[in-house]
Amino acid sequence: MTQFSRITGTGSYLPPRRVTNADLAAQLAATGVETSDDWIVERTGIRARHFAEPDVTSSELGVHAARNALEAAGRQASEVDLIIVATSTPDMVFPSSATILQHKLGVGGCAAFDVQAVCSGFVYALTVADAMIRTGSARCALVIGAEVFSRILDFSDRTTCVLFGDGAGAVVLEASDTPGILASDLHADGKHVGILCVPGTLSGGKVLGEPLLKMDGQAVFKLAVGVLESAARATLAKAGKTEADIDWLIPHQANIRIMQGTARKLKLPMDKVVVTVDQHGNTSAASIPLALDSAVRSGQVKKGDTLMLEGVGGGFTWGAVLLDF
Ligand code: ACO
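Residues numbered from 1 in each chain as written. Predicted model: local features only at pLDDT ≥ 70, side-chain atom pairs only at ≥ 80, totals over all residues. Heavy atoms only, no water.

This part is about the domain arrangement of the chain. Its domain assignment divides the chain into domain 1 (4-177) and domain 2 (182-324). Distance between the C-alpha centres of domain 1 and domain 2: 14 Å. Taken together, the contact between domain 1 and domain 2 spans 51 residues of the former and 47 residues of the latter. For the pair domain 1 and domain 2, the summed buried surface comes to about 3,600 Å²; carbon and sulfur atoms form 62% of the total. For the domain 1 face of the interface with domain 2, the top three residues by lost area are Cys 119, Val 123 and Tyr 124, together amounting to 16%. Between domain 1 and domain 2 we count zero salt bridges in total. (Domains from an automatic or database assignment. Contact = heavy atoms within 4.5 Å. Buried area = accessible area lost by both parts, 1.4 Å probe. Salt bridge = Lys/Arg side-chain N within 4 Å of Asp/Glu carboxyl O.)

Written as structure tokens, this is what we have:
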């Protein structure tokens, strides 16, 4: 019998400190950086984001989301045989946040590793978990996106620091006789490394370069809309489906204008697009599972719905996963 994978539970977690645009504008004004709620809302759709306290790591946010997803799936941590954490803001240089999270879950022994594909990390991680389940390497996977992007923001650069937030989302993905995940499509093009990066590293006990986020916003914007359309179309074609089969588009939550542009190209009305960027900001690899869990818990997404998840981010990386929920 063909083996498929299916999401059996979703979960998410936001650190308690909610920072509105007005809060952030006041904080930035104290250091001579000017911004406003009007500018941020008009250009991005963001109204608020959550920031973790300085000692809270991505594995800490991720373990809360993972526990919520396990509870929703009716599974114990001991039943999990694969943990993948998508993050660009890991707890340490090594080991992976996945191994740290595994220990926090109170289990040991199963495979655990991180995936680094920036804002596309969750669709990459979900595709890897699906492949491992379909080939029999795993039966019950936790796939988590967890980020503390506030750690790598340059708060003197108003063109980037207003865009991002912290958070985590998770799914339990299990072996199933019926799909589940219908198709996926992943890409990267390293020639665009410079338009969105954190150009720093560690060497000899020192930081080399600048470990803060740099972005050419307009270049990212133009690339993002194009690749999100092509990835969605390629994924639909692989599954033998059309745009009309999509019940919900759950894109990476970077900017409402990127989401509107993508929906327009796919001829999908905005009431078929899950939007949480207004409340979460851009949480990179966490944004898609956070949006998915929020749509499941609010009753928007229902069992049996066909979902198109789409990520795009630094690298440049992009990809999509089509699934029956
Ligand atoms: N507050 C007030 N003014 C600002 C701010 C701010 N936070 N940031 C920039 N400005 C000013 C600029 O200085 C500029 O002023 P000037 O005309 O006097 O020079 C003016 O606003 C316009 O700046 P632009 O950069 O041209 O603004 P744009 O309309 O391109 O919007 C933005 C910038 C929101 C970053 C946009 O380019 C964008 O959405 N890009 C996509 C990037 C994105 O979403 N990245 C997320 C990470 S990537 C990912 O997840 C895929």
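The ligand sits among 24 residues. The nearest are Thr 35, Arg 43, Gln 218, His 252 and Asn 255. Thr 35 places a polar side-chain atom, nitrogen or oxygen, 2.6 Å from a nitrogen atom of the ligand. For the ligand, an oxygen atom lies 2.6 Å from a polar atom in the side chain of Arg 43. Relative to its unbound accessible surface of 1,000 Å², the ligand loses 76% to contact with the protein. Secondary structure elements with two or more residues in the shell around the ligand: α2 (37-44), α6 (158-161), α7 (217-239), α8 (256-265) and β14 (306-313). (Near = heavy atom within 4 Å. Polar contact = N/O pair within 3.5 Å; in protein donor to acceptor, adjacent residues only side chain to side chain. Areas by Shrake-Rupley, 256 points an atom, 1.4 Å probe, with all protein chains shown as cover. Helix = DSSP H or I, 4+ residues; strand = E, 2+ residues; numbered from the N terminus.)

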